[in-house]
Amino acid sequence: MSAQVETAQDNSARPVKLAPSILSCDFAHLADEMGAIAGADWAHVDVMDGMFVPNISFGLPILAAARRASNLPLDVHLMIERPERYLKDFAAAGADSLTVHVESTPHVHRAVQQIRELGKRAGVTLNPGTPLEAVRPLLGDVDLVLVMSVNPGFGGQKFIPASLERVRTLRRWLDEMGSDAELQVDGGVSSTNARAVVSAGATVLVAGSAVFGPGGAKAGLERLREALK
Ligand code: DX5
Ligand code: ZN
């Protein structure tokens, strides 16, 4: 038998969406920052409550302001305890998709149902230390699965390399089911690893510090797009 070289499958056939995280933007100039990312596909909105994660970011008024300043779909990532308490409010404030953590509520399936009932895209996510099996029962009922590639709570952290294998596994599960749910990756994504993340099977890349860095968000977004060519 001839020796075989094991090479990771390239799963990058699908169109890729870029979703800058406004967590890293200059909030004194939110409308300008939303304008600078007008060429993105979605804007990612990180809501943190200081309980589920050790940091507080912002909530409904900032989401509503982003909504007024931009026509981009607003992709809201809820890092809050018991997110079901606020789904209606975030939908009303302008969210187009709402993503909840499996660790944040004992009733994550109910939360997903509620998001769908609100007419929004339903997303589910999990921390880097949570086994992927935790999202498996939900895959048939969601529009988006988010792989956290850092521990949630802060922008500007280093990409956890083991996340790539998690993306590959989820890609395989979704493909086997014939699901066209988006597979999103969030945390430490930059022009140096974007290609690898897409090859693993991601369809949406979230990037905060890599977009809203020196030189402005427009250039940051362009750098990411170039890296994917
Ligand atoms: C982390 C947030 C991320 C974060 C990404 O808790 O969910 O969306 O803002 O920031 P970067 O791209 O800087 O890692
Ligand atoms: Zn996020």
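Quantities reported herein were computed from a predicted structural model and do not represent experimental measurements. (Residues numbered from 1 in each chain as written. Chains lettered and ligands numbered in written order. Predicted model: local features only at pLDDT ≥ 70, side-chain atom pairs only at ≥ 80, totals over all residues. Heavy atoms only, no water.)

Participant: Can you explain the pairing of strand E6 (residues 144–148)? Please cite residues and give values.
Facilitator: Both faces of the sheet carry side chains from a regular strand, because those side chains alternate between them. Taking burial as the measure, the five residues of E6 include five buried ones, the bulk of the element. Burial along E6 is two-sided: the residues Leu144, Leu146 and Met148 and Val145 and Val147 are all buried. The pairing of strand E5 (residues 121–126) with E6 spans four bridges and is classified as parallel. By the bridge assignment, Val124 is partnered in E6 with Val145. The pairing of E6 with strand E7 (residues 182–186) spans five bridges and is classified as parallel. Bridge assignment links Leu144 to a residue of E7, and that residue is Glu182. Remark: the E6/helix H5 (residues 163–177)/E7 crossover connection has right-handed handedness. (Buried < 20%, exposed > 50% of the residue type's maximum accessible area, 1.4 Å probe, protein only. Helix = DSSP H or I, 4+ residues; strand = E, 2+ residues; numbered from the N terminus. Pairing = 2+ DSSP bridges. Right-handed = clockwise from strand over helix to strand, strands pointing away.)

Participant: Describe in detail unusual backbone geometry, supporting the description with residues and values.
Facilitator: Not every positive phi belongs to a glycine, and Arg82 is a case in point at roughly 50°. For Arg82, the position within the fold is in the loop between strand E3 (74–79) and helix H3 (87–93). On the basis of relative accessibility, which here comes to 39%, the residue Arg82 falls in the partly exposed class.

Participant: Which residues make up the coordination of the zinc ion (ligand 2), and what are the values?
Facilitator: Bound to the zinc ion (ligand 2) are the protein donor atoms His44 (NE2), Asp46 (OD), His77 (ND1) and Asp186 (OD), situated 2.0 to 2.3 Å from the metal. For the zinc ion (ligand 2), the six donor atoms in the first shell make angles of 68 to 168° at the metal, a pattern classed as octahedral. Looking at His77, the relative accessible area reads 0%, which means it is buried. On the basis of relative accessible area, Asp186 is assigned to the buried category, the value being 8%. (Donors = N, O, S within 2.8 Å, 3.2 Å for Na, K, Ca; no water. Tetrahedral: all angles 85-135°; square planar, octahedral: opposite > 155°, others 65-115°.)

Participant: Can you explain the confidence of the model for the chain? Please cite residues and give values.
Facilitator: Detailed reading of the predicted coordinates is not advisable wherever pLDDT is low. In this model, the chain carries an average pLDDT of 96, and 97% of its residues clear a pLDDT of 70 or more. For residues 1–6, every residue scores under 50 in pLDDT, and the model assigns this stretch zero contacts once sequence neighbours within four places are set aside. (pLDDT = per-residue confidence, 0-100. Contact = heavy atoms within 4.5 Å.)

Participant: Explain the sheet that holds E5 to me, and be specific about the residues and the numbers.
Facilitator: Pairing between the strands of a sheet is mediated by backbone hydrogen bonds and can be parallel or antiparallel. Pairing in this open sheet of eight strands is parallel, and the strands run E1-E8-E7-E6-E5-E4-E3-E2 from one edge to the other. Both outer strands of the open sheet, strand E1 (17–20) and strand E2 (43–48), are each paired with one neighbouring strand and no more. Between one strand axis and the next, the sheet turns through 25° on average, direction left out of account. As paired strands, E7 and strand E8 (residues 204–207) are joined by three bridges and run parallel to one another. Opposite Gln184, over in E8, you have Val204 as the bridge partner. With respect to the sheet, H5 is in contact with E5, E6 and E7, its orientation differing from that of E6 by roughly 165°. (Axes fitted to C-alpha atoms, helices over the stretch in contact; angles between N-to-C directions.)

Participant: Account for the pattern of salt bridges, with residues named and values stated.
Facilitator: Counting across every chain of the model gives eleven salt bridges. Between Arg14 and Asp175 there is a salt bridge whose closest N-O contact spans 3.0 Å. With Arg14 in the segment before E1 and Asp175 in helix H5, this residue pair connects regions lying 161 residues apart in the sequence. The exposure class of Arg14 is partly exposed, given its relative accessible area of 30%. Across the pair Glu133 and Arg136 runs a salt bridge, and its minimum N-O distance is 3.4 Å. (Salt bridge = Lys/Arg side-chain N within 4 Å of Asp/Glu carboxyl O.)

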